[in-house]
Amino acid sequence: MEFVTLNNGVQMPLVGYGTYNVAGATAERHVTMALEAGYRAIDTAQCYHNEKNVGKAIAKSGISRDQVFITAKTWTVDYASTKRSIDQTLRNLGTDYVDLLLVHEPAGDIGGNYTALEDAYREGKARAIGVSNFIGKVFQQLVNCCTVIPAVNQVETHVYRQQHDMQTLCASKGTVLASWSPLCSGEHDIFKDPALKKIAAAHGVSVAQVALRALVQRGIPVVPKSKNAKRMRQNLDVFGFALTDDEMARIATLDERRSLFNWY
Ligand SMILES: NC(=O)c1ccc[n+]([C@@H]2O[C@H](COP(=O)([O-])OP(=O)(O)OC[C@H]3O[C@@H](n4cnc5c(N)ncnc54)[C@H](OP(=O)(O)O)[C@@H]3O)[C@@H](O)[C@H]2O)c1
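One structure accompanies this document, and this report is about it. Remember, predicted model here, so these are calculated numbers, not experimental data.

## Let's talk about the packing of aromatic side chains
Counted by the stated rule, this structure contains six aromatic pairs. Relative to Trp-263, the ring of Trp-180 has its centre 5.2 Å away and its plane inclined at 35°; by these criteria the two rings are tilted. With Trp-180 in strand S9 (residues 176–180) and Trp-263 in the segment after helix H10 (245–252), this pair connects stretches of sequence that are 83 residues apart. Seen in terms of ring centroids, Phe-261 and Trp-263 are 5.8 Å apart; in terms of plane orientation they differ by 35°. Their pairing is tilted. Residue class for Trp-263 comes out partly exposed when judged on its relative accessible area of 48%. Among the aromatic residues, those joined into a ring-pair cluster are Tyr-20, Tyr-48, Trp-180, Phe-261 and Trp-263.

Written as structure tokens, this is what we have:
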């Protein structure tokens, strides 16, 4: 597994497992399968309502806590509710710290929400903190007034929304841009894309592996989700080949510079 080093020295795996829209016993089963497949990073969030299931799967795996990088996200409106919810997240996950704690979106009292994360960071409840869906000006504004520069900004990033400008802005502040929905949630016919298919054939890999490789090769952590053990393993296996400059340039032309989901 390869890592990216965050602005406080914490090492974050470049490939983790996403858990959006999967709850209950299914979430526990999928996370168990992902850990068996070799994943050592799990991406969850309060609003996914699966923190307890993720926590159970990790505990049952027998893998020691410090070998699994847990990303959690708060879904709150102000300092007090964020502070309370961080403790609830830790109880749900059955741990006394997460590896990365993010404000899920720029809503409510943005400064207050982030201050609660800064306090949690100082109290050792998170090894690193950051934000998600903070695009452009709202990211800039937060950086101007915070006391702990976000280690990560997780935003919609895939071959059709490549976020080159946002990655440059984040890097200029010491923040790693991370991807959500690196496989476009399976939308936009990504797996039938002729350019990606051609590159995949040249390397003897799948379209998914090319789409993920294009991001990790730029230093962007990804959290693909799959319910299928074979595809889970495939998505982890993106470090045995490299895309050429020409291939990266061809992939750059796929960028539509717009959201596929219109969230942010
Ligand atoms: N911060 C945020 O606001 C935010 C927003 C959205 C998502 N996220 C995070 O990002 C994670 C990933 O995004 P996502 O869940 O939208 O989905 P995704 O990982 O972009 O795509 C998942 C889809 O791709 C298919 N797939 C996966 N691997 C494949 C492969 N190797 N070959 C062919 N098909 C493959 C899956 O089908 P199968 O299951 O059948 O394989 C599923 O339909 C989420 O789970 C969540 O953790 C964060």
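## Notes on unusual backbone geometry
One non-glycine residue with positive phi stands out, namely Cys-184, at about 55°. By the secondary structure assignment, Cys-184 is in the loop between S9 and helix H7 (194–203). One non-glycine residue, Asn-262, lies in the positive phi region at around 55°. Checked against the element boundaries, Asn-262 lands in the segment after H10.

## Here's the deal with the site of the ligand
In the vicinity of the ligand lie 28 residues, with Asp-43, Ser-181, Ser-185, Ser-226 and Arg-231 positioned nearest. His-104 has a polar side-chain atom sitting 3.2 Å from an oxygen atom of the ligand. Asn-235 is positioned with one of its side-chain polar atoms (N or O) 2.9 Å from a nitrogen atom of the ligand. When the ligand sits alone it has 910 Å² of accessible area, and the protein chains cover 89% of it. If you tally residues by element for the shell around the ligand, the top one is helix H9 (residues 229–236), at three residues. For the shell around the ligand, the residue count by class is eleven nonpolar, twelve polar and five charged.

Criteria and cut-off values
- Residues numbered from 1 in each chain as written.
- Predicted model: local features only at pLDDT ≥ 70, side-chain atom pairs only at ≥ 80, totals over all residues.
- Heavy atoms only, no water.
- Phe/Tyr/Trp six-rings, centres within 6.5 Å; stacked < 30°, edge-to-face > 60°.
- Helix = DSSP H or I, 4+ residues; strand = E, 2+ residues; numbered from the N terminus.
- Buried < 20%, exposed > 50% of the residue type's maximum accessible area, 1.4 Å probe, protein only.
- Near = heavy atom within 4 Å.
- Polar contact = N/O pair within 3.5 Å; in protein donor to acceptor, adjacent residues only side chain to side chain.
- Areas by Shrake-Rupley, 256 points an atom, 1.4 Å probe, with all protein chains shown as cover.
- Nonpolar A, V, L, I, M, F, W, Y, C, P; charged D, E, K, R; others polar.

Treat this as a map of the structure, not an account of what it does.
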